[in-house]
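Structural description and commentary
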Amino acid sequence: MYQGDVWGRLDTLPRLLAEGWRRTLSDGGVVSVVRTPFQWAMGSPVIEIETGGYMGDVGLYVPEVQLPEALALLGGGDGDAPDIERA
């Protein structure tokens, strides 16, 4: 649960890759959030990235209701989808 909604974890991946996927999702109208070991990040904190903030692995989450759209946008709608974990 995040902000009262059920979210599904698409994958755990390096921060820069996750931010790239977030742009793809955003361009397709899908809301996403990154979860670092310290916080949930709804927006891309460019200053954090530029100043060398946390760049390790993060969880990439989307609202469960937008999960099919997210998988289609990321090319995972044909059975190659990552294992989705609900949060």
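Given the structure is predicted, the values throughout are model-derived calculations rather than measurements.

1. Some points on the overall build of the protein
When helices and strands are tallied, the protein shows three helices and five strands. The 87 residues of the protein split such that 34% are buried. Here the protein has roughly 4,900 Å² of accessible surface; of this, 52% comes from carbon and sulfur atoms.

2. Some words on the nonpolar core
If you look at the biggest cluster of nonpolar residues, it comprises 12 residues: Leu 10, Leu 13, Ala 18, Leu 25, Val 30, Val 34, Val 58, Leu 60, Val 62, Leu 67, Ala 70 and Leu 71. Every residue in contact with Leu 25, bar those within four places of it in the chain, is listed here: Leu 10, Val 30, Ser 32, Leu 60, Val 62, Ala 70, Leu 73 and Leu 74.

3. A word on the environment of Gln 66
Structurally, the position occupied by Gln 66 is in the loop between β4 (57–63) and α3 (67–73). Judged by relative accessible area, Gln 66 falls into the buried class, the value being 14%. Measuring from C-alpha to C-alpha, the distance between Gln 66 and Ser 32 comes to 9.4 Å, with 34 residues separating the pair along the chain. Every residue in contact with Gln 66, bar those within four places of it in the chain, is listed here: Gly 29, Val 30 and Val 31.

4. Considerations on the environment of Leu 25
Tracing the backbone shows Leu 25 in helix α1 (residues 15–27). Along the backbone, Leu 25 and Leu 74 are 49 residues apart, and their C-alpha atoms lie at a distance of 7.7 Å.

5. Overview of the pattern of salt bridges
The final tally for this structure, using the stated rule, is two salt bridges. Here Glu 19 and Arg 15 are joined by a salt bridge, their closest N and O atoms 3.0 Å apart. Pair noted here: Glu 19 and Arg 15 are both in helix α1, with a separation of four residues, about one helical turn. You'll find Glu 19 and Arg 15 in the same group, each marked buried. Glu 19 is the salt-bridge partner of Arg 22, the closest N and O atoms lying 3.4 Å from each other. One end of the pair, Arg 22, and the other, Glu 19, are both in helix α1, three residues apart, so they sit about a helical turn from each other.

6. Some words on α1
In this model α1 runs 18 Å from its N-terminal to its C-terminal C-alpha over 13 residues, within 8% of the 18 Å that 1.5 Å per residue would give. Considered for burial, the residues of α1 that qualify are Arg 15, Ala 18, Glu 19, Arg 22 and Leu 25. Down the axis of α1, the sector holding all buried residues measures 115 degrees, keeping them to one side. Turned more than 90 degrees away from the buried face of α1 sit Leu 16, Arg 23 and Asp 27, all of them exposed.

Conventions used here
Residues numbered from 1 in each chain as written. Predicted model: local features only at pLDDT ≥ 70, side-chain atom pairs only at ≥ 80, totals over all residues. Heavy atoms only, no water. Helix = DSSP H or I, 4+ residues; strand = E, 2+ residues; numbered from the N terminus. Buried < 20%, exposed > 50% of the residue type's maximum accessible area, 1.4 Å probe, protein only. Areas by Shrake-Rupley, 256 points an atom, 1.4 Å probe, with all protein chains shown as cover. Core = buried A, V, L, I, M, F, W, Y, C linked by side-chain atoms within 4.5 Å. Contact = heavy atoms within 4.5 Å. Salt bridge = Lys/Arg side-chain N within 4 Å of Asp/Glu carboxyl O. Expected span 1.5 Å × (residues − 1). Arc of directions from axis to C-beta.

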